[in-house]
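Take a look at the letters that make up each chain.
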Amino acid sequence: MIKKPTTLRYDRQFLKELLSDVRVPEDIGLKKCIQCGNCSSACPAARYTPYRPRKLIHDILTGQKDKILKSEDIWYCFSCFSCNLRCPRGNNPGILIHILRDLARMAGYGWKKVLPFKNYLVSLRDTGLGLTPLSTPIEAFEDELGADWAQIRRNLPEILKMLGMSSVPPRELPQEARDQIKKILELANINEEIEKFTKMEEKIEEN
Amino acid sequence: MNKKIPHNGFYLFKSCLIGLEYPGAENSTRFVFDKLGIDYYDDPRQSCCTGMGMNLDVVTPLITSVLAARNFTLANQANHPYFATICSTCYGVNKEACEWTNKDPKLFTQVKNILSRAGLDVKRDYLNAEHVFHAAEVFYQWKDAIKDHVVIDFGGIRIATHHGCHFYKIFPEYVVGDPEDVQVLDDLVRVIGAESISWYSEKNYCCGSGFRHRWISRDLSRAAAYDKLISVKREGAEILINMCPMCAFQFDRYDALLEKLFATKLGIIHLNIAQLLALSMGADPYKVVGVQTHSVKVEPLLKKLKII
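Cut-offs used in this document
- Residues numbered from 1 in each chain as written.
- Chains lettered and ligands numbered in written order.
- Predicted model: local features only at pLDDT ≥ 70, side-chain atom pairs only at ≥ 80, totals over all residues.
- Helix = DSSP H or I, 4+ residues; strand = E, 2+ residues; numbered from the N terminus.
- Rg over C-alpha atoms; globule rule 2.2 N^0.38 Å.
- Buried ≥ 20, exposed ≤ 12 C-beta atoms within 10 Å, placed from the backbone.
- Contact = placed C-beta atoms within 7 Å.
- Axes fitted to C-alpha atoms, helices over the stretch in contact; angles between N-to-C directions.
- Parallel < 35°, antiparallel > 145°, perpendicular 65-115°, else oblique.
- Pairing = 2+ DSSP bridges.
- Left-handed = near helix turned anticlockwise from the far one by under 90°.
- Nonpolar A, V, L, I, M, F, W, Y, C, P; charged D, E, K, R; others polar.
- Expected span 1.5 Å × (residues − 1).

Colleague: Quick question: what am I supposed to make of the overall build of chain A here?
Modeller: Counting its secondary structure elements, chain A contains 14 helices and zero strands. Going residue by residue from the N terminus, the α and β elements of chain A occur as α-α-α-α-α-α-α-α-α-α-α-α-α-α. In terms of overall size, chain A is more extended than a compact globule, its C-alpha atoms giving a radius of gyration of 22 Å where 207 residues would be expected to give roughly 17 Å. Evaluated residue by residue, chain A yields a buried proportion of 35% over its 207 residues. When contacts within chain A are restricted to residue pairs at least 6 apart in sequence, long-range pairs at least 24 apart make up 62% of them.

Right, dumping it as structure tokens:
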């Protein structure tokens, strides 16, 4: 029996949205994809989850924007870029994933995935450093990482002193540098970004 | 590729996560640079590269670009234009910021205007992807000189390496040698007289951190870490050398948990390349190399090498 012809179509607007993002290299081989599957065979997420970079590229090229943005699959990527290393056509699903996640957020689907990491932005603005999200308080990770680790973290100021380093972990920038960084980040709209997180937290709490 | 790596003029690009978890790796980098007489600038004003935030999808390209431009401006104004990062993600992110601002004049103008309002004058040629190096590449460039400083005999110690995905998979074209079988760390392992495992089945596999997975999809993160480490274990490696604190955290901090979850014995010692080189050059394991912050105890190795 002959299968019905496919009705899937290329979505010019969606491709433009992806390819015009500054993070996408100008010579990306997205349209050159031959569906060989090298990306999926190298992908750690494909070993344990339903995510397949080959399938994602197929879905992008056949205009299935809504399906992609709603799907859990784009959140399984490890950001390891093995797909980029292995692709024989110069395509880079790993970078496209980050743009798709942003689009998913704009479409209202991806917020829950990023809300836990709001503190990263606050730390960046106020200290110039990106503290590991969720690793404080130490107690929250003691079960998983062990009592030894918790002890190391509590003793860190002492250890840093022994190493002859700044005793404020991970390190402390001079006040002038912190002020300059804060000013630069505010001009780059970091407060507006943080505000988006706060609004979304409130909205989710209300529901 | 046959890459041109300078010998001097480095801006030591410190990592937030190294400072928090493995400060000895940062300190060992200074120790090795000092020992070799490498000219570098250790700038307390340097900020985060935003790598963690980028991969957690919470920072915009503009935020990453303005901070990269600020760091590059500080480095260039101090006449130390070459970044020597100690984290594979810092390496990848700084290169990316250069590529973005170079190809998009509108983004560069926006960045330039923002920086000028904070009193900084960024020039277009400051943001040069070819000026971003990993400290491991600097060591590699100096490997003949390293040989002369080795005082500890690592003969017979079997060592595997993990280069960190963001060092060779984002920009394979910038990698010394074959990006599908990177030997930068392995060559350094051989230089100090240890036995390099060179290739193992999961050499190109991710550490499993996956950034968000570490915190949110923990089962996924641990499964990948186990696949990686068991393949290292099968080769009989005593040490796995890393050059990225995310990978180090994943391997070292989760060792006990992975042993329990998968009912297996791991116990591989995890060292940053700078820590390995510093130890081989006679650095104090506690005051310089900072082995006291490791979860898998390094002492059995130190005893075997007669360091303690």
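There is more to say, and it comes next.
Colleague: Looking at this structure, how should I read the packing of helix 4 (residues 61-77) of chain B against helix 5 (residues 88-103) of chain B?
Modeller: Helix packing geometry: the angle between the two helix axes and the distance between the axes. All names here are of chain B. Where helix 4 meets helix 5, the closest approach of the two axes is 9 Å, and the angle between their N-to-C directions is 105 degrees. Relative to helix 5, the element helix 4 lies roughly perpendicular. The segment helix 4 lies against helix 5, with Pro-61, Thr-64, Ser-65, Ala-68 and Ala-69 engaging Val-93, Asn-94, Ala-97, Trp-100 and Thr-101.

Colleague: Honestly, the sheet that holds strand 8 (residues 269-272) of chain B in this entry has me stumped. Any pointers?
Modeller: Backbone hydrogen bonds are what pair the strands of a sheet, in a parallel or an antiparallel way. All names here are of chain B. Taken in spatial order, the four strands make up an open sheet running 6-5-7-8, and their pairing is parallel. Two strands close off the open sheet at either side, each with one partner strand: strand 6 (195-196) and strand 8. Relative to strand 7 (residues 239-242), strand 5 (residues 158-161) runs parallel, the two sharing three bridges. Counted as the bridge partner of Thr-161 is Ile-241 from strand 7.

Colleague: So what exactly am I meant to see when it comes to the packing of helix 9 (residues 118-127) of chain A against helix 14 (residues 190-206) of chain A here?
Modeller: Residues and elements named next belong to chain A. The geometry of helix 9 relative to helix 14 is characterised by a closest axis approach of 10 Å and an angle of 155 degrees between their N-to-C directions. Regarding the angle of helix 9 to helix 14, the classification is roughly antiparallel. As for the relative orientation of helix 9 and helix 14, their crossing is left-handed in sense. Together, Lys-118, Leu-121, Val-122 and Arg-125 of helix 9 and Ile-190, Glu-193, Ile-194 and Phe-197 of helix 14 make up the contact between the two elements. Partitioned by chemical class, the residues of the contact of helix 9 with helix 14 number five nonpolar, no polar and three charged.

Colleague: What am I meant to see in helix 12 (residues 218-234) of chain B here?
Modeller: Helical periodicity: at 3.6 residues per turn, an α-helix aligns residues three or four positions apart in one direction. When the terminal C-alpha atoms of helix 12 of chain B are compared, their 24 Å separation across 17 residues agrees well with the 24 Å that a helix rising 1.5 Å per residue should span. The elements touched by buried residues of helix 12 of chain B are helix 3 (44-48) of chain A together with strand 5, helix 11 (212-215), strand 7, helix 13 (245-253) and helix 14 (255-261) of chain B. Where helix 12 of chain B ends, the next residue or the one after it, Gly-236 of chain B, has phi of about 70 degrees, a positive value.

Colleague: How do you make sense of the interface of chain B and chain A when you look at a structure like this?
Modeller: In many analyses, interface size is given as the accessible surface area lost on bringing the parts together. Counting from both sides, the interface comprises 60 residues of chain B and, opposite them, 56 residues of chain A. With five residues, helix 4 of chain B is the single largest residue contributor to the side of chain B that touches chain A. Here the residues of the side of chain B that touches chain A are counted per class, giving 34 nonpolar, 15 polar and eleven charged.

Colleague: Which parts of the structure should I look at to understand the sheet that holds strand 4 (residues 132-134) of chain B?
Modeller: Residue and element names in this part refer to chain B. The sheet built from four strands is open, its strands ordered 2-1-3-4 with parallel pairing. Each edge of the sheet is formed by a strand with only one pairing partner; in this case those strands are strand 2 (40-41) and strand 4. As defined by bridge partners, strand 1 (residues 10-13) adjoins strand 3 (residues 82-85) across four bridges and the pair is classed as parallel. From the neighbouring strand, Tyr-11 faces strand 3, where its bridge partner is Phe-83.

Colleague: Teacher, can you tell me more about the environment of Cys-87 of chain A here?
Modeller: Residues and elements named next belong to chain A. Looking at the secondary structure, you find Cys-87 in the loop between helix 6 (82-86) and helix 7 (93-106). The buried category is assigned to Cys-87, around which 24 C-beta atoms lie within 10 Å. When the C-alpha atoms of Cys-87 and Ser-40 are compared, they prove to be 9.9 Å apart, with 47 residues separating the residues in sequence. The residues contacting Cys-87, other than those within four sequence positions of it, are Gly-29, Asn-38, Cys-39 and Asn-92.

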